[in-house]
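Given next are the chains, with one letter for each unit.
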Amino acid sequence: MIPVSFDYVRAASIPEAIQLLKNSNGEGKLIAGGHSLVPLMKFRLSNPGTLIDISDVNEMKGVGIVGSRLVVGALTTHAEVAEDTAVLAHLPVLAEAAKQIGDMQVRNKGTVGGNIAHADPSADLPAVALALDAVVHLTGEDGEEKVPIQEFLLGPFITSLPETSVVTAISFAVPPAGTQSTYLKYFHPASGYAVVGVCAVGGKTAEGLVNHVRIGITGAGDCAFRTEQAEKFLFGKPATLENIKQAASLAAADGDMGEDLFASSEYRAHLCKVYTERALRKVLG
Amino acid sequence: MTKKWNVEVKVNGRVKRAEVEPRLLLVHLLRDEFNLTGTHIGCDTSQCGACTVMMDGKAVKSCTVLAVQADGAEIQTVEGLGTVDQLHPIQAGFWEKHGLQCGFCTPGIMMAVNGLLQDNLNPSEAEIRDALDGVICRCTGYQFIVKAVQQAAETIRNSQQQSQVVPAEGGSV
Ligand SMILES: Cc1cc2nc3c(=O)[nH]c(=O)nc-3n(C[C@H](O)[C@H](O)[C@H](O)COP(=O)(O)OP(=O)(O)OC[C@H]3O[C@@H](n4cnc5c(N)ncnc54)[C@H](O)[C@@H]3O)c2cc1C
Ligand code: FES
Ligand code: FES
């Protein structure tokens, strides 16, 4: 399969990428790892006039700690995240999720920024981003901007990213000391994407009362979501199995369940409950 | 009319150039422009891994990379592993442990294995199977492939140990 013809340019810096996007009059598209975009272009579902390759922009690579946040450059690959010492030390759940993306070859090319910017409703990282209060760092014509993940992800493949802006990094809040985190995924048996993926972060006081809980769910619907009702139910309550089960039964309440040949909306809601319960037992058990 | 792009890549140690349309896939550059037909096309949809090559030291699916994205990169294909007279340990492993039947998937699988062994010369069976997640073989049932990889890893480990024992010329152990 061959994409429709297009022009190809390489950007050496963030300002150059923005300028090239501007020059393309809405016809340009950034390419990072290309592992969401190239398959779409081969199917001719996406036909950009100009591809702007940002993969040389070194300032968008690598991982660092800034205050209580872990900042991951947009061009950092899933394979790099899975092995990164700062990620493993401060946010092992991000590595746990990165390891579950696609396969070795996909992880070698696919990037964190591309995964978030693409906003695939079955992608893994949106769930992690939601549970870790992620902030998307953008640079555009008017300078830099920081957008909370919930205001960035708007729908299936839809984000609030302005046409001439670049995602430069994603920053994740390192959860408070004493909390545990996990990402559990029900893999689609053919594609390997998440039918449902649940990222949970939880902590409790010495008395066993839940004092931190965040749950992000991907795959189940049109857009990854935070399970606010489940979180609200659990917060401040004893971390008992009974309470975890009741919270998990609210897991699907904040999302619109999707439906396809593989899984009905009812089944997806059920998976949300089951995977949320497992995740909560792991982090609060 | 889109502008063509001059691609320069180092393939199996040799610099090669071609003027290509930006929409040309890396796998087609290798097969059609450079005549390196060891790299196969199975699914053409990023699933089967038959097209796996090393790009800048990482295993990638060359049907999912544009040739222009590889401009300036170092590529290793199955032709760059060993020769018929001197098989690479991975090739020898597949030969000795019957890691192939029809052989269609084999070049891609060997390059994926190359990607694994380069980072981990002592992989567990689970790690081997994880590295094989991105390749599909319809013949072997994978059991012999796993054995082939274990054998290759052992051969490479042994040869590295030997070369450590023998002091380098003028150097110390
Ligand atoms: C076989 C296969 C299996 C996969 N399985 C999974 C899986 O299980 N889970 C999962 O989460 N993902 C999966 N993926 C997707 C993979 O993680 C992608 O690599 C990732 O979603 C996109 O990253 P990329 O760098 O390849 O982006 P690209 O394909 O280069 O770009 C994707 C989109 O994001 C935009 N974009 C990219 N970078 C930026 C940026 N810095 N700023 C603004 N816009 C940008 C592009 O313009 C484009 O619209 C799979 C992919 C393949 C091919
Ligand atoms: S041909 Fe590239 S993955 Fe199948
Ligand atoms: S040996 Fe035939 S597909 Fe693998």
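Residues numbered from 1 in each chain as written. Chains lettered and ligands numbered in written order. Predicted model: local features only at pLDDT ≥ 70, side-chain atom pairs only at ≥ 80, totals over all residues. Heavy atoms only, no water.

Before going further, it helps to spend a moment on the overall build of chain B. Across its full length, chain B carries five helices and five strands. The order of α-helices and β-strands along chain B, N terminus first, is β-β-α-β-β-β-α-α-α-α. Over its C-alpha trace chain B gives a radius of gyration of 17 Å, about what one expects of a compact globule, namely 16 Å for 173 residues. Oriented by its inertia axes, the alpha-carbon framework of chain B measures out at about 60 × 45 × 30 Å. Per-residue burial over chain B gives 49% buried out of 173 residues. Relative to all contacts within chain B whose residues are 6 or more apart in sequence, the contacts with residues 24 or more apart total 55%. (Helix = DSSP H or I, 4+ residues; strand = E, 2+ residues; numbered from the N terminus. Rg over C-alpha atoms; globule rule 2.2 N^0.38 Å. Buried < 20%, exposed > 50% of the residue type's maximum accessible area, 1.4 Å probe, protein only. Contact = heavy atoms within 4.5 Å.)

Now for the domain arrangement of chain B. Residues and elements named next belong to chain B. By domain assignment, chain B separates into domain 1 (5-80) and domain 2 (89-164). Contact with domain 1, which involves 17 residues of that partner, is made by 14 residues of domain 2. Of all residues in domain 1, His40, Met54 and Val78 bury the most surface against domain 2, accounting for 37% of the area lost on that side. Taken together, the connections running from domain 1 to domain 2 amount to zero salt bridges. Counting only elements with at least two residues in the side of domain 1 that touches domain 2, the list comes to β3 (52-55) and β4 (58-61). Top contributing element to the side of domain 1 that touches domain 2 by residue count: β3, with three residues. Of the residues belonging to the side of domain 1 that touches domain 2, the class tally is seven nonpolar, nine polar and one charged. (Domains from an automatic or database assignment. Buried area = accessible area lost by both parts, 1.4 Å probe. Salt bridge = Lys/Arg side-chain N within 4 Å of Asp/Glu carboxyl O. Nonpolar A, V, L, I, M, F, W, Y, C, P; charged D, E, K, R; others polar.)

Now for the interface of chain B and chain A. Listed by partner, the interface residues are 35 residues for chain B and 31 residues for chain A. Taking both sides of the interface into account, the surface hidden between chain B and chain A amounts to around 2500 Å²; carbon and sulfur atoms contribute 57%. In this structure, the connection of chain B to chain A is made through three salt bridges. We note a salt bridge from Asp103(A) to Lys61(B), for which the minimum N-O separation is 2.7 Å. Counting across the chain B and chain A interface gives 14 residue pairs in polar contact (both at pLDDT 80 or more). Among the secondary structure elements, those contributing two or more residues to the side of chain B that touches chain A are β3, β4, α3 (106-119) and α4 (125-131) of chain B. Looking at which element gives the most residues to the side of chain B that touches chain A, the answer is β4(B), with four residues. For the side of chain B that touches chain A, a count of residues per class yields 15 nonpolar, eleven polar and nine charged. (Polar contact = N/O pair within 3.5 Å; in protein donor to acceptor, adjacent residues only side chain to side chain.)

Turning to the nonpolar core, a few remarks are in order. Grouped together as the largest cluster of nonpolar side chains are 52 residues, with contacts concentrated most on Leu94(A) and Phe172(A). For this core, the element with the highest residue contribution is helix α8 (residues 125-131) of chain A, accounting for six residues. Leave out the neighbours within four places in its chain, and Phe172(A) touches Ser68(A), Arg69(A), Leu70(A), Val72(A), Leu91(A), Leu94(A), Ala129(A), Leu132(A) and Ala134(A). One finds Val9(B), Val20(B), Leu66(B) and Val68(B) within the second-largest nonpolar core, a separate group that totals 32 residues. (Core = buried A, V, L, I, M, F, W, Y, C linked by side-chain atoms within 4.5 Å.)

Glancing now at empty space enclosed by the protein. Residues and elements named next belong to chain A. Throughout the structure, instances matching the rule amount to one cavity of 30 Å³ or more. In this structure, the largest cavity occupies an estimated 40 Å³ of space. Each of domain 2 (58-173) and domain 3 (180-284) gives at least three residues to the lining of the largest cavity. (1 Å grid on protein atoms, 1.4 Å probe; cavity = no way out; pocket = protein on both sides within 12 Å on 5 of 7 lines; lining within 4 Å. Points joined across faces, edges and corners; volume = space filled by probe spheres on them.)

All names here are of chain A. As a matter of local geometry, ligand 1 sits amid 31 residues, with Leu30, Gly34, His35, Thr111 and Asp124 nearest to it. Contacts to ligand 1 include His78, whose side-chain N or O atom sits 2.9 Å from an oxygen atom. Taking Asp124, its side chain carries an N or O atom lying 2.7 Å from a nitrogen atom of ligand 1. Coverage of ligand 1 by the protein amounts to 96% of the 960 Å² it exposes when considered alone. Elements with a minimum of two residues in the shell around ligand 1: β2 (28-31), α7 (112-118) and β10 (166-173). Looking at which element gives the most residues to the shell around ligand 1, the answer is α7, with four residues. Of the residues belonging to the shell around ligand 1, the class tally is 15 nonpolar, 13 polar and three charged. (Near = heavy atom within 4 Å. Areas by Shrake-Rupley, 256 points an atom, 1.4 Å probe, with all protein chains shown as cover.)

Before going further, it helps to examine a nonpolar patch on the surface. On the surface, a nonpolar cluster with roughly 310 Å² of combined accessible area is contributed by Met1(A), Phe43(A) and Leu45(A). Tracing the backbone shows Phe43(A) in the loop between α2 (37-42) and β3 (50-53). (Patch = residues over 30% accessible without salt bridge, like charges linked within 9 Å, V, L, I, M, F, W, Y side chains within 5 Å.)

With that settled, consider the domain arrangement of chain A. Residue and element names in this part refer to chain A. Assigned domains of chain A: these are domain 1 (7-53), domain 2 (58-173) and domain 3 (180-284). Inter-centroid distance (C-alpha atoms) of domain 2 to domain 3 is 21 Å. Counting from both sides, the interface comprises 22 residues of domain 2 and, opposite them, 24 residues of domain 3. Counting the surface lost from both domain 2 and domain 3, the interface buries some 1800 Å², and carbon and sulfur atoms represent 56% of this. In terms of surface lost to domain 3, no three residues of domain 2 exceed Gln100, Leu130 and Ala131, which account for 26% of the buried area on that side.

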